[in-house]
2 protein chains.
Amino acid sequence: MPEKLTDISRLCIHSMTTKPSSLIESIEAYSSAGIAGITVWREFLDELGVKESAARLADSDLEVVSLCRGGFFPAVDASGREAALDENRRAIEQAATIGAPMVVLVCGAIPGQALTESRKQIQDALGTLLPEAQAAGVKLAIEPLHPMYADDRSAVNTLGQANDMVEALAHPNVGIAADVYHLWWDPNLEAEIQRAGDSILAFHVSDWNTPTLNLMNDRALMGHGCINIPEIRGWVESVGFDGPIEVEIFSNRHWASDQIEYLEQIKTAYLNYV
Amino acid sequence: MPEKLTDISRLCIHSMTTKPSSLIESIEAYSSAGIAGITVWREFLDELGVKESAARLADSDLEVVSLCRGGFFPAVDASGREAALDENRRAIEQAATIGAPMVVLVCGAIPGQALTESRKQIQDALGTLLPEAQAAGVKLAIEPLHPMYADDRSAVNTLGQANDMVEALAHPNVGIAADVYHLWWDPNLEAEIQRAGDSILAFHVSDWNTPTLNLMNDRALMGHGCINIPEIRGWVESVGFDGPIEVEIFSNRHWASDQIEYLEQIKTAYLNYV
């Protein structure tokens, strides 16, 4: 087990974690709560536009950790795949504008299309985009998603598959976003984290509710589920990761609660169960 | 792809697929519909008792394919694990009584207990039970469950893990129940089916809905989801499996429908999409 976290200097929160709050409200609330970083979901840029959002972020003390999310590369035809590339070009440009060092990728899948074909399309898209991301000074972080999202969200479902893709692409601007919610069950997780090494660009935490009532929006606060988060943090830190620890919780339950009180619950959970 | 199925001579249905029907109702309905086999879930034995249920099954033309389900071996203390062994002894005895050649195992997991520890407890339990199952003329089929059930249903979440366990146990009465719903996403599936070879004792089919509204009870009829079932059937048949093809669908939607019409839908789906 790693050393216990004794302060919140590495704590980052995804704007989607406090979905009811606007970007401006979250900037103010996170700052007031002493939180170090923010990962911005793209839809939160809509209210003020990208430039004004960037200015507000720059005026705050918050570190902009990532832009979420690019990806969704597979499509049944070439025009669909071209449209996906263009959408990801916009995401890369937005990331550069708000000062986010990476775009997190939910890589995509098409129900009924072979996962092998979707992975090929994902890898091809990344091959096209990586030089452009490099020119923009932005990294692309492949996030392996839990196998329960293999139908329409991602054909990359294990850290091993993400490692395969990173190795095949062999580009300095590609890496991995490791999320305990997606990866905790994998018997090869420790070995694949060792293999990933400094490809791990981001570390996301939340917890797994028993029972889980909804495939998308029933994640738990850290410590309220069955995931041994400190063990996994120990593994990613053992390969050198010392970056922000990002709280990414989609939860109808928590979104219905007071979002300022919720930030205090997140801080307590972070200090005790991460 | 394997040869298309042109008749329903291998079609077996799980009594849980038609949950609103009693065992007697299902025996009559399946027989009338020309279905070849039935897998009996243990709770369906309660109405008449095991002996009378066995007599009714014997009087029918249905092949008794499996008893579902044993397992749930892990527990936080030794007395819990002993109780699980006793419960599985009852399942083995019930299987022998109704003429089921195997008990299908949902192996179990305890939220918060390390999956490695749960797997050790599962393997220990199987080591104890296999000689007893052999004496009773019953096989035990480990069913790897989808990773979304790793919290409290099974610490065995890939066919690779089931193969590891079968190899470690090295007993003629242990094998694997391969269910497309649990396994379809696995990039190693074809290779692990090759590795499993004649350890595959059972083959379960259903389909994956997009979106899936409920982690437990929103499976789809074959052909109504994203799983390439014929491809997977081809793989299991390429290693010699030629046994019953079992339709196991948990679905609040289908349970709310007319169960006699539903059997006809199952037959059509079976002939077109398996």
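Structure: above.
A brief structural summary. (Residues numbered from 1 in each chain as written. Chains lettered and ligands numbered in written order. Predicted model: local features only at pLDDT ≥ 70, side-chain atom pairs only at ≥ 80, totals over all residues.)

## As for the pairing of strand β7 (residues 200-205) of chain B
Looking along a regular strand, one sees the side chains alternate between the two faces of the sheet.
Residue and element names in this part refer to chain B.
Right, on to step 1. By the criterion of burial, β7 is predominantly enclosed, with 6 of the 6 residues buried.
Right, on to step 2. As defined by bridge partners, strand β6 (residues 174-179) adjoins β7 across 4 bridges and the pair is classed as parallel. Residue pairing across strands places Ala-177 opposite Ala-202, the latter belonging to β7.
Right, on to step 3. Strand direction decides the pairing type here: β7 and strand β10 (residues 245-247), joined by 3 bridges, are parallel. (Buried ≥ 20, exposed ≤ 12 C-beta atoms within 10 Å, placed from the backbone. Helix = DSSP H or I, 4+ residues; strand = E, 2+ residues; numbered from the N terminus. Pairing = 2+ DSSP bridges.)

## With respect to helix α10 (residues 259-273) of chain B
Residues spaced three or four apart along an α-helix point in a common direction, a consequence of the helix completing one turn every 3.6 residues.
Residue and element names in this part refer to chain B.
Right, on to step 1. Here α10 spans 20 Å end to end across 15 residues, near enough to the 21 Å set by a 1.5 Å rise per residue.
Right, on to step 2. Every buried residue of α10 is accounted for by Tyr-262, Leu-263, Ile-266, Ala-269 and Tyr-270. Buried residues along α10 cover an arc of 125° about the axis, so they all sit on one side. Those residues of α10 that are exposed and aimed more than 90 degrees away from the buried face are Glu-261, Glu-264 and Asn-272.
Right, on to step 3. Residues of α10 that are buried in the fold lie against β1 (11-14), α1 (23-32), β10 and α9 (252-255). (Expected span 1.5 Å × (residues − 1). Arc of directions from axis to C-beta. Contact = placed C-beta atoms within 7 Å.)

## What to know about the relation of the copies chain A and chain B
Think of it as a corkscrew move, a rotation about one axis and a shift along it, taking one chain copy to the other.
Right, on to step 1. Least-squares fitting of chain A to chain B yields an RMSD of 0.0 Å, with the superposition described by an axial translation of 0.0 Å and a rotation of 180°. Within this description, the copies of the chain are treated as partners about a two-fold rotation axis. (Least-squares fit on C-alpha atoms with pLDDT ≥ 70 in both.)

## Comments concerning helix α8 (residues 229-238) of chain A
All names here are of chain A.
Right, on to step 1. Those residues of α8 that fall on the buried side of the exposure criterion are Ile-229, Ile-232, Arg-233, Trp-235 and Val-236. When α8 is viewed along its axis, its buried side chains cluster within an angular range of 160° and face the same direction.
Right, on to step 2. Lining the buried residues of α8 we find β6 (174-179), α6 (180-183), α7 (189-196), β7 (200-205) and α10 (259-273).
Right, on to step 3. Positive backbone phi, approximately 105°, marks Gly-240, located one or two places after α8.

## Describing the pairing of β6(B)
All names here are of chain B.
Right, on to step 1. Within β6, 6 of the 6 residues are buried, which leaves it mostly tucked inside the rest of the structure.
Right, on to step 2. Bridging between strand β5 (residues 139-142) and β6 involves 3 bridges; their strand directions are parallel. Opposite Ile-142, over in β6, you have Ile-176 as the bridge partner.

## A few points about the nonpolar core
Among soluble globular proteins, nonpolar side chains are generally buried collectively.
Right, on to step 1. Grouped together as the largest cluster of nonpolar side chains are 180 residues, with contacts concentrated most on Val103(A), Ala141(A), Val103(B) and Ala141(B).
Right, on to step 2. Non-local contacts of Val103(A), meaning those with residues more than four positions away in its chain, are made with Leu67(A), Gly70(A), Ala91(A), Ile92(A), Ala95(A), Val138(A), Leu140(A) and Ala141(A). (Core = buried A, V, L, I, M, F, W, Y, C linked by C-beta atoms within 7 Å.)

## Concerning the sheet that holds β7(A)
Residue and element names in this part refer to chain A.
Right, on to step 1. Spatially, 8 strands are ordered β1-β2-β3-β4-β5-β6-β7-β10 in a closed barrel, and the strand pairing comes out parallel. Strand-to-strand twist across the sheet, computed as the mean angle between neighbouring axes with direction ignored, equals 30°.
Right, on to step 2. As paired elements, strand β1 (residues 11-14) and strand β2 (residues 37-41) share 3 bridges and run parallel to each other. Counted as the bridge partner of Cys-12 is Gly-37 from β2.
Right, on to step 3. Of the strands in this sheet, β5 (139-142) and β6 are in contact with helix α5 (residues 159-169), which crosses β6 at around 170°. (Axes fitted to C-alpha atoms, helices over the stretch in contact; angles between N-to-C directions.)

## A few points about the sheet that holds β10(B)
Right, on to step 1. The strand order around the closed barrel built from 8 strands is β1-β2-β3-β4-β5-β6-β7-β10 (chain B), with neighbouring strands paired in parallel fashion. Geometrically, the sheet is characterised by an average inter-axis angle of 30° between neighbouring strands, direction not taken into account.

## Topic: unusual backbone geometry
Residues and elements named next belong to chain A.
Right, on to step 1. Here the bond from Cys-68 into Arg-69 is cis, since omega is 0°, no more than 30 degrees from zero.
Right, on to step 2. Looking at the secondary structure, you find Arg-69 in strand β3 (residues 63-71).
Right, on to step 3. Positive phi, normally seen in glycine, also occurs at Phe-72, with a value near 50°.
Right, on to step 4. Of note, Phe-72 is situated in the loop between β3 and α3 (78-98).

Keep in mind these values describe shape, not function.
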